Amino acid sequence: MKRLAVVLAAALIASLAVPVSAANMTIGGALSNEMWYDFEGGPGSSTALELNLNMSLTGGQDIKAVVEFAPIEWAFEAPMGSAEAAPGNLLSQLAINRAYLEASGAYWADGPSVVTRLGDLDIAYSPYVMVTSSDRAVHDIEGGSISGIVAGPVLIDGFYGWDSDRAVRGMRARTEVAGVGIDGTVAKVGEDEVGYAATLRMTPMQNVAVEGTYAGQTNAEGSAIRVGATVGLPFNITANAAYRRTGEDFAPVYADMSDKGPLYGEAGVTAVTAGVATRIAAFDLSADVELLGTGNDGNIDDERSVGVGAATEFAGFDFTAGHKVTQDLNEETTSHKTTLGIGMAEREILPALKVAASYDVTMMDFSPTNLHHVAEASITSDLAMLKGIKVSGRYDSAPEPDEDGNETPRREAKIEYTAPNGVRLGYTCNDLGTNKVSAGMEVAF
C-alpha cells in the first residue's frame, strides 16, 4: 500500500502539471465525522476522508484518481480538557486505506475502450476463487488491472498484483454461444495455488433455465459443484431442483467465505434440493425438500427435511408462515420449526407521520416455552417542529453474534435527528452497555 501510495502521489502531481488548456479537472470526495459521549466508556470520535480527482483531456482520455483514508477513531481516556485527552493533530494521523488511478479509453487511435486501473484493486471475478472488496477480511491486492477487453464474442478482464510479497494474478472470460452463457475464471496465488471456476447458463427450451458451476484449486483435493434447474409449469407453478457439493478442503485464499457467499457453512456438505411454488388467489405458496450429507464423502445420508410456506398481503400488512420438519438420520431424531411473521412497510398513518414495524416468532418442536421473538418498529416524523426525527427500537429474545463474532443486543433503542443545518444527532442505548449520545456530519464535494 505505501509504495503505491507514493507512486499515486507522483502521478497526481504529474496530472496537475498538465496545462489547464489541455485538461478539465474536478476534485471531489467526502469528509465525515462523528463524535459521541458514552455514559459508560466516555467520549470518542471518528473521522473518515475520501478524495477523488477526475481529469478529462482534450484527446478524450478520462482519468480518475481516488485516495481513501482509513477512519481515525480515538477515545479520551483522560478527562476532557486535559492535555492527556487531546487526540493530536488530525492530519498527522491520516493513513491511506486504498489508493488507485483509473483510466477509461483506448490504447491506440480508434481502438476499443477499456478500463485500466493501477493501485489497490477491487476484483469480483468469482465468489468461489477470486473476490476482493473493502468489507472482507482479506489482504489487499496492489497492482494493475484491465477490464472490458473485447475479443470477438468474448469479454476479458485480467489483473496482476501483489499481496504482501506474494504475486497474485488472474483472468476472467465471458461469452455467449448459441444461447449458452459461459463465465470462466482462473486465479494464481503465489506459486502454490491456482483456483479456477466455470459457470454455464442456458435456456434449452421455453420456461426452462439451467445453471451449473464447477470450481477447484490445484493445492487441495476439494472442489465446489453447483447444478440447478428451474421449470415453469402450467397453472402458474414453478418447480426447481438443485445439487451442491463442497469439499471440506476447498478454501481458496480469495473465495468469499462471508455469510453472504455461496461457500458459507458448506465445507464437506453434499445436498439435493427440490421445490415448487405457486400463487393461488392472494396467497404465495411453496414447498421444498432437502437431502443432506455432512461427512465429506458425497453421500446424502445424514439429514433430510421437508418445508412448506405461505405468504399474503392484507390491509397493508405482510403475513408469512412456514413449517419445516428435519430428521437427523444419525441421531434418529426429528425436529419441527414453525415460523410466523407480520410486517408493515413504512407508510403514513397520520399526516407527516410514518411508521414501519415487523414481528417474527419461531417455535421449535411445538413448545411454547421454546420461542424466539424478534420485533422491530420505527416512527419517522415530517412535522414542521419534528422534521427529520426517527425513533426506532428492536427486541430479540435470542440474539446471535454478527458476522464478525461480536455480541448483538437483546434490546436496543435509537433516536436519530437530522437538523436543517445538516448535523446528525442521535442517542443509542442497549443491554450490552451502550448508552451514548452522538453528533456527526458529512459533506460531499
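Given the structure is predicted, the values throughout are model-derived calculations rather than measurements.

**Some words on the overall build of the chain**
Here is step 1: Along the backbone of the chain there are 1 helix and 26 strands.
Here is step 2: For the chain, buried positions account for 31% of its 445 residues.
Here is step 3: Restricting the contact set of the chain to residue pairs at least 6 apart, pairs at least 24 apart contribute 40%.
Here is step 4: Accessible area of the chain: about 25,900 Å², with a carbon and sulfur share of 59%.

**Some remarks on the pairing of strand E12 (residues 193-205)**
Here is step 1: The pairing of strand E11 (residues 180-189) with E12 spans 10 bridges and is classified as antiparallel. Note that in E12 the partner of Thr185 across the bridge is Ala197.
Here is step 2: As consecutive antiparallel partners, E11 and E12 are separated by 3 residues, and within that stretch Gly190 has a phi angle of approximately 65°, a positive value.
Here is step 3: Bridging between E12 and strand E13 (residues 208-217) involves 9 bridges; their strand directions are antiparallel. Bridge assignment links Ala197 to a residue of E13, and that residue is Ala215.
Here is step 4: The antiparallel hairpin formed by E12 and E13 contains 2 residues in its connecting segment, where Asn207 sits at a positive phi of about 70°.

**Describing the nonpolar core**
Side chains of a nonpolar character, in soluble globular proteins, are inclined to be buried together.
Here is step 1: Counting residues in each nonpolar core, the largest one holds 18 residues, and the members touching the most others are Tyr128, Met130, Ile141, Phe159, Val168 and Phe250.
Here is step 2: Excluding anything up to four places from it in sequence, Val168 contacts Met130, Ile141, Phe159, Tyr160, Gly161, Trp162, Asp163, Lys188, Val189 and Tyr254.

**Description of the environment of Tyr37**
Here is step 1: Within the secondary structure, Tyr37 is located in strand E1 (residues 23-38).
Here is step 2: Judged by its relative accessible area of 37%, Tyr37 falls in the partly exposed class.
Here is step 3: For the pair Tyr37 and Val437, spaced 400 residues apart in sequence, the C-alpha separation works out to 5.5 Å.
Here is step 4: If we ignore the near neighbours within four places in the chain, the residues touching Tyr37 are Gly42, Pro43, Asn435, Lys436 and Val437.

**Quick notes on the environment of Ala242**
Here is step 1: You can see Ala242 is positioned in strand E15 (residues 237-246).
Here is step 2: On the basis of relative accessibility, which here comes to 30%, the residue Ala242 falls in the partly exposed class.
Here is step 3: In this structure the C-alpha to C-alpha distance between Ala242 and Gly228, which are 14 residues apart in sequence, comes to 4.0 Å.
Here is step 4: For Ala242, the residues in contact, after removing those within four places along its chain, are Val227, Gly228, Ala271, Val272 and Thr273.

**Regarding the pairing of strand E24 (residues 411-418)**
Here is step 1: As paired elements, strand E23 (residues 389-396) and E24 share 7 bridges and run antiparallel to each other. Paired with Ser392 across the strands is Lys414, a residue of E24.
Here is step 2: Between the end of E24 and the start of strand E25 (residues 424-430), which pair antiparallel, lie 5 residues, with Gly422 showing a positive phi angle near 95°.

**So, the packing of aromatic side chains**
Here is step 1: Enumeration over the complete set of coordinates arrives at 5 aromatic pairs.
Here is step 2: Centroid distance Phe317 to Phe319: 6.5 Å. Interplanar angle 45°. Geometry classified as tilted.
Here is step 3: Overall, the relative accessible area of 27% leaves Phe317 in the partly exposed class.
Here is step 4: The positively charged end of Arg117 is found above the aromatic ring belonging to Tyr100, 3.4 Å away from the centroid.

**Topic: the side chain of Thr175**
Here is step 1: Within the element layout of this structure, Thr175 appears in strand E10 (residues 166-177).
Here is step 2: A polar contact of 2.8 Å, which involves the side chain of Thr175, links it to the backbone oxygen of Pro153.
Here is step 3: Those residues in contact with Thr175 that sit more than four places away from it in its chain are Pro153, Val154, Val180, Gly181 and Ile182.

**Regarding unusual backbone geometry**
Here is step 1: Even without being glycine, Asn296 reaches a positive phi, approximately 60°.
Here is step 2: Tracing the sequence through the fold places Asn296 in the loop between strand E17 (283-293) and strand E18 (303-314).
Here is step 3: One non-glycine residue, Ala315, adopts positive backbone phi at about 55°.
Here is step 4: Position of Ala315 among the secondary structure elements: in the loop between E18 and strand E19 (317-328).

**Things to note about the pattern of salt bridges**
Here is step 1: Within the structure shown, the criterion is met by 15 salt bridges.
Here is step 2: Residues Glu102 and Lys64 are paired through a salt bridge, measuring 3.6 Å at the closest nitrogen-oxygen approach. Here the residue Glu102 occupies a position in strand E4 (residues 96-105), and Lys64 occupies one in strand E3 (residues 62-75), the gap between them amounting to 38 residues.
Here is step 3: The exposure class assigned to Glu102 is buried, which follows from its relative accessible area of 18%.
Here is step 4: A salt bridge links Asp259 to Lys260, with the nearest nitrogen and oxygen atoms 3.8 Å apart.
Here is step 5: Counted as one network, the salt bridges with shared partners bring together Lys64, Glu102, Arg117 and Asp122.

**Here's the deal with the side chain of Asp396**
Here is step 1: Counting through the fold element by element, Asp396 comes out in strand E23.
Here is step 2: With residues near it in sequence (within four places) discarded, Asp396 still touches His372, His373, Val374, Pro409 and Arg410.

**Observations regarding a nonpolar patch on the surface**
Here is step 1: A contiguous nonpolar patch, built from Ile27, Leu31, Leu51, Val443 and Phe445 and spanning about 430 Å² of accessible area, is present on the exposed surface.
Here is step 2: With respect to the helices and strands, Leu31 occurs in strand E1.

**Brief notes about the environment of Phe69**
Here is step 1: Here Phe69 is to be found in strand E3.
Here is step 2: A relative accessible area of 15% means that Phe69 is categorised as buried.
Here is step 3: Sequence-wise, Phe69 and Leu31 are 38 residues apart; in three dimensions their C-alpha atoms are separated by 9.9 Å.

Procedures and definitions
Residues numbered from 1 in each chain as written. Predicted model: local features only at pLDDT ≥ 70, side-chain atom pairs only at ≥ 80, totals over all residues. Heavy atoms only, no water. Helix = DSSP H or I, 4+ residues; strand = E, 2+ residues; numbered from the N terminus. Buried < 20%, exposed > 50% of the residue type's maximum accessible area, 1.4 Å probe, protein only. Contact = heavy atoms within 4.5 Å. Areas by Shrake-Rupley, 256 points an atom, 1.4 Å probe, with all protein chains shown as cover. Pairing = 2+ DSSP bridges. Core = buried A, V, L, I, M, F, W, Y, C linked by side-chain atoms within 4.5 Å. Phe/Tyr/Trp six-rings, centres within 6.5 Å; stacked < 30°, edge-to-face > 60°. Lys NZ or Arg CZ within 6 Å of the ring centre and 35° of its normal. Polar contact = N/O pair within 3.5 Å; in protein donor to acceptor, adjacent residues only side chain to side chain. Salt bridge = Lys/Arg side-chain N within 4 Å of Asp/Glu carboxyl O. Patch = residues over 30% accessible without salt bridge, like charges linked within 9 Å, V, L, I, M, F, W, Y side chains within 5 Å.

Shape is all these values report; function is a separate question.
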